[in-house]
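Architecture at a glance
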Amino acid sequence: FIRVTLTICATLLLSSCKPDPEPTPESWSVVADISNAALLAVHGTSADDVWIVGADDGKGPVVLHYNGTEWTRRETGVRGDMWWVRAFDDGVVFMAGSDSLVLRYQNGVFERLKTPGLGKTVLFGIWGITSDDIYAVGANAGRNGFVWHHNGTEWTNLPLPNDIDLDSFNDLPALTKVWGATSDDIWVVGGRGTLLRGNRTDGFTRIP
């Protein structure tokens with residue numbers, strides 16, 4: 001950009017054109033250095049309430065919180081990898097990951113929630129507008145995807161459309177991420193190009 005500006009100045013000769021100042025790039029800085037585990041997801045409600053979650057580094061899943069001044073690692077009291085995190089304005093934070101693991105952080109305490117999953121169940125995504133209307137998606141041993149819903153008290157396994165099993169595979173594809181435009185307009189994506197849309201009340205349909 002500077003080079004182009006200087007060329008224009010030389011061409012005009014009599015003009016008073018001057019090169020623009022050197023653009024200043026956005027600066028990046030290291031906020032956490034976890035050498036033994038990958039950091040897998042980040043979410044927050046404001047610039048002074050940010051959560052990062054990641055894999056288990058031998059001391060439990062990496063869970064970091066930023067309060068606007070410093071980062072602090074939070075001890076969860078469980079073992080396993082965390083794949084996704086969702087924070088809410090009321091202070092509640094949901095985290096989900098391997099081995100059917102879903103944690104709810106509330107009033108300074110981590111609570112492991114009872115889920116419909118088994119030991120090889122991995123949750124890859126979790127989302128909700130409010131902390132009592134949560135959707136989670138994942139897979140069992142890398143296949144047979146699912147959608148769960150939490151109403152603030154318990155998790156339920158939601159039915160999936162019959163035509164989700166594409167191309168005559170024997171197993172349902174893994175479902176990897178979930179997001180909603182509203183609490184009644186939920187989108188889910190997964191393996192083999194799977195795209196679902198729906199909600200807990202009306203069910204889900206596959207979008208070709």
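Residues numbered from 1 in each chain as written. Predicted model: local features only at pLDDT ≥ 70, side-chain atom pairs only at ≥ 80, totals over all residues. Heavy atoms only, no water.

1. Description of the confidence of the model for the chain
For the chain, mean pLDDT is 87; residues scoring 70 or higher make up 85% of the total. For the stretch residues 1–17, pLDDT sits under 50, and the model shows 13 contacts to residues farther than four places along the chain or on other chains. (pLDDT = per-residue confidence, 0-100. Contact = heavy atoms within 4.5 Å.)

2. Considering the packing of aromatic side chains
Remark: the centre distance and the inter-plane angle together describe each pair of aromatic rings, the angle taken between the planes. In the structure shown here, the tally under the stated rule is nine aromatic pairs. Judged by centre distance (6.3 Å) and plane angle (85°), the rings of Phe-88 and Phe-94 are edge-to-face. Its end group placed over the ring of Trp-84, Lys-177 keeps NZ or CZ at 4.6 Å from the ring centre. (Phe/Tyr/Trp six-rings, centres within 6.5 Å; stacked < 30°, edge-to-face > 60°. Lys NZ or Arg CZ within 6 Å of the ring centre and 35° of its normal.)

3. Digging into the nonpolar core
A general feature of soluble globular proteins is that nonpolar side chains tend to end up buried together. Trp-51, Val-53, Val-85, Val-93, Met-95, Leu-103 and Phe-110 are the most contacted members of the largest nonpolar core, which totals 14 residues. Among the elements of the structure, strand S2 (49–56), strand S5 (82–87), strand S6 (93–97) and strand S7 (102–106) are those that each provide at least two residues to this core. Other than its neighbours up to four places away in sequence, Val-93 contacts Trp-51, Val-85, Arg-86, Ala-87, Leu-103, Arg-104 and Tyr-105. Judged by nonpolar contacts, the second largest core, of 13 residues, contains Phe-94, Leu-123, Ile-134 and Trp-155. (Core = buried A, V, L, I, M, F, W, Y, C linked by side-chain atoms within 4.5 Å. Buried < 20%, exposed > 50% of the residue type's maximum accessible area, 1.4 Å probe, protein only. Helix = DSSP H or I, 4+ residues; strand = E, 2+ residues; numbered from the N terminus.)

4. Description of the pattern of salt bridges
Inspection of every chain in the model, using the stated rule, returns seven salt bridges. Between Arg-200 and Asp-184 there is a salt bridge, and its shortest N-O distance comes to 3.9 Å. Taken together, the residues span a long stretch of sequence, with Arg-200 in the loop between strand S15 (194–199) and strand S16 (203–206) and Asp-184 in the loop between strand S13 (175–182) and strand S14 (185–190) at a distance of 16 residues. By relative accessible area, which is 35% here, Arg-200 ends up partly exposed. Exposure remark for Asp-184: the relative accessible area of 46% places this residue in the partly exposed category. Measuring nitrogen to oxygen at the nearest pair gives 2.7 Å for the salt bridge that ties Asp-185 to Arg-197. With Asp-185 in strand S14 and Arg-197 in strand S15, this residue pair connects regions lying twelve residues apart in the sequence. The exposure class assigned to Arg-197 is partly exposed, which follows from its relative accessible area of 35%. Counted as one network, the salt bridges with shared partners bring together Asp-133, Asp-184 and Arg-200. (Salt bridge = Lys/Arg side-chain N within 4 Å of Asp/Glu carboxyl O.)

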